[in-house]
Amino acid sequence: MSKKILVTGATGTIGKALVKALQAKGASFKAAARDLEKAKKVSGLTDGEVVYFDFTDINTYKNAIEGIDTVFLLGPPVTLNLERQINPFLDFIKSNDIKRVVYISAMGAENMGDDLAFHAIVENKLQEDGFEYTILKPSFFAQNFKNYEWENITQRGITYVVAGKGKAGFVDVEDIAAVAAAALTEDTHIGKTYHLTGPETLSYYEAADILSDVTGKTIVYPNPTPEEYTGALKAAGAPDFIAKYMINVYSLIVRNEADITTDDVERVTGKKPTGLKEVLLRDFANN
């Protein structure tokens, strides 16, 4: 049976890559976004292919799900208590007999503590409420160096996070999107949870060496303390909760809980995951 997919978070890092992956498959979908013009601009979609949607506004739900039988569920980034936004939408789609959901969680979400328990809460709801779910748990995004640290890398010669000496299996967002596109269009992934990583684990010291090779500049990782990191974000004008949020996230690396690789990307897509250097070469070449 042909599926009609709703892609939430369509203007974000994963959403944009997923739209391209679904287009390549010839899949039928609508891209949901709060900013329709941005959605059309970043994706090349037309008016009929985008729909206004806001998790915090229940009045946007009905129109967004019209004709939909499958949902790609991706909540807004860096949002505390995210389940308070997502769970009402899950209740709504269930009441409208939409049960197929592919949810973007995070690797190690179950170990992030009470402040970041929302992924685990949503995962439990999908399972307990009888959804036909697939849960994707990606490691740290390889694209974060470009998307969030571009200024640090190009202007200051540093990569500045609180990851200690731990390692992570940095994953290409395009690999995440390829797995998501398969899960959204193939029934064999129902009830599955996939842990998505790159082909190797690297410390931020090693990532800095790769960044140096890619940029032709000396990039270093100063390994800031939580206090130094908090002070830097505060000086940059970031809201107070951001530092605590990010320290909790990166604590997975500090505790060596992200120092793993899996073959889930290859098992689902048939292709080996892309390494960090290849991603960086691709991303930095586009600027």
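Located above this text is the structure these notes cover.
To continue, consider the overall build of the protein chain. Across its full length, the protein chain holds 13 helices and 9 strands. For 287 residues, the compact-globule formula gives about 19 Å, and the C-alpha radius of gyration of the protein chain, at 19 Å, lands near that figure. In terms of overall dimensions, the protein chain has a C-alpha envelope of 50 × 35 × 35 Å along the principal axes. Within the protein chain, the proportion of its 287 residues that are buried is 52%. Long-range contacts, defined here as pairs at least 24 residues apart, represent 77% of the contacts in the protein chain between residues at least 6 apart. A total accessible area of about 13,300 Å² is found for the protein chain, and carbon and sulfur atoms account for 48% of it. Of the side-chain charges in the protein chain, 31 are positive and 39 negative, and the distance between the mean point of each set is 3 Å.

Turning to unusual backbone geometry, a few remarks are in order. Of note, the phi angle at Asn223 is positive, near 50 degrees, even though the residue is not glycine. Assignment of secondary structure puts Asn223 in the loop between α9 (204–215) and α10 (226–235). Its relative accessible area of 22% is what places Asn223 among the partly exposed residues. Even without glycine at this site, Asn256 takes up a positive phi of about 65 degrees. Among the structural elements, Asn256 can be located in the loop between α11 (240–254) and α12 (264–269).

Looking at the secondary structure, you find Thr274 in the loop between α12 and α13 (276–285). Sequence separation between Thr274 and Glu123 is 151 residues; the distance between their C-alpha atoms is 27 Å. The contacts of Thr274, once residues within four sequence positions are left out, are Asp172, Asp175, Gly198, Pro199 and Val279. A polar contact of 3.4 Å, which involves the side chain of Thr274, links it to the side chain of Asp172.

Another aspect to go through is the sheet that holds strand β4 (residues 70–73). Spatial strand order, β3-β2-β1-β4-β5-β6-β8: 7 strands in an open sheet with parallel pairing. Two strands in the sheet have a free side with no partner beyond their single neighbour: β3 (50–52) and β8 (193–196). Within this sheet the neighbouring strands show an average axis-to-axis angle of 20 degrees, counted without direction. Relative to β4, strand β1 (residues 4–7) runs parallel, the two being bridged by 3 bridges. Its bridge partner lying in β4, Leu6 is registered against Val71. Packed onto the sheet, helix α4 (residues 83–95) meets β1, β4 and β5 (100–104) and runs at close to 175 degrees relative to β4.

A few words now on α9. The end-to-end C-alpha distance of α9, which contains 12 residues, comes to 16 Å, matching closely the 16 Å that a straight helix rising 1.5 Å per residue would cover. Of all the positions in α9, only Tyr204, Ala207, Ala208, Ile210, Leu211, Ser212 and Val214 are classed as buried. On its buried face, α9 is in contact with α6 (144–147), α7 (150–156), β9 (202–203), α11 and α13. Where α9 begins, the capping side chain belongs to Ser203, and its oxygen is found 3.3 Å from the backbone nitrogen of Tyr205. Two residues or fewer past α9, Gly216 is found with a positive phi of approximately 75 degrees.

Next up on the list: a nonpolar patch on the surface. Residues Val78, Leu80 and Phe241 make up a contiguous nonpolar surface patch of about 220 Å² in total accessible area. Within the element layout of this structure, Phe241 appears in helix α11. We classify Phe241 as partly exposed; its relative accessible area is 34%.

The next point concerns the side chain of Lys137. Along the chain, Lys137 turns up in strand β6 (residues 132–138). The class for Lys137 is buried, based on a relative accessible area of 4%. A polar atom in the side chain of Lys137 sits 2.8 Å from the side chain of Glu123.

Locating Arg267 in the fold gives a position in helix α12. Here Asp264 takes part through its side chain, which lies 2.6 Å from a polar atom of the side chain of Arg267.

Let's shift gears to the pattern of salt bridges. Enumeration over the complete set of coordinates arrives at 15 salt bridges. Asp263 is paired through a salt bridge with Arg267; the nearest N and O atoms lie 3.3 Å apart. Looking at Asp263, the relative accessible area reads 45%, which means it is partly exposed. Each member of the salt-bridge network shares a partner with another, and the members are Asp172, Glu174, Arg282 and Asp283.

The rules behind the values
Residues numbered from 1 in each chain as written. Predicted model: local features only at pLDDT ≥ 70, side-chain atom pairs only at ≥ 80, totals over all residues. Heavy atoms only, no water. Helix = DSSP H or I, 4+ residues; strand = E, 2+ residues; numbered from the N terminus. Rg over C-alpha atoms; globule rule 2.2 N^0.38 Å. Buried < 20%, exposed > 50% of the residue type's maximum accessible area, 1.4 Å probe, protein only. Contact = heavy atoms within 4.5 Å. Areas by Shrake-Rupley, 256 points an atom, 1.4 Å probe, with all protein chains shown as cover. Lys, Arg positive; Asp, Glu negative; His and termini not counted. Charge placed at Lys NZ, Arg CZ, Asp CG, Glu CD. Polar contact = N/O pair within 3.5 Å; in protein donor to acceptor, adjacent residues only side chain to side chain. Pairing = 2+ DSSP bridges. Axes fitted to C-alpha atoms, helices over the stretch in contact; angles between N-to-C directions. Expected span 1.5 Å × (residues − 1). Patch = residues over 30% accessible without salt bridge, like charges linked within 9 Å, V, L, I, M, F, W, Y side chains within 5 Å. Salt bridge = Lys/Arg side-chain N within 4 Å of Asp/Glu carboxyl O.

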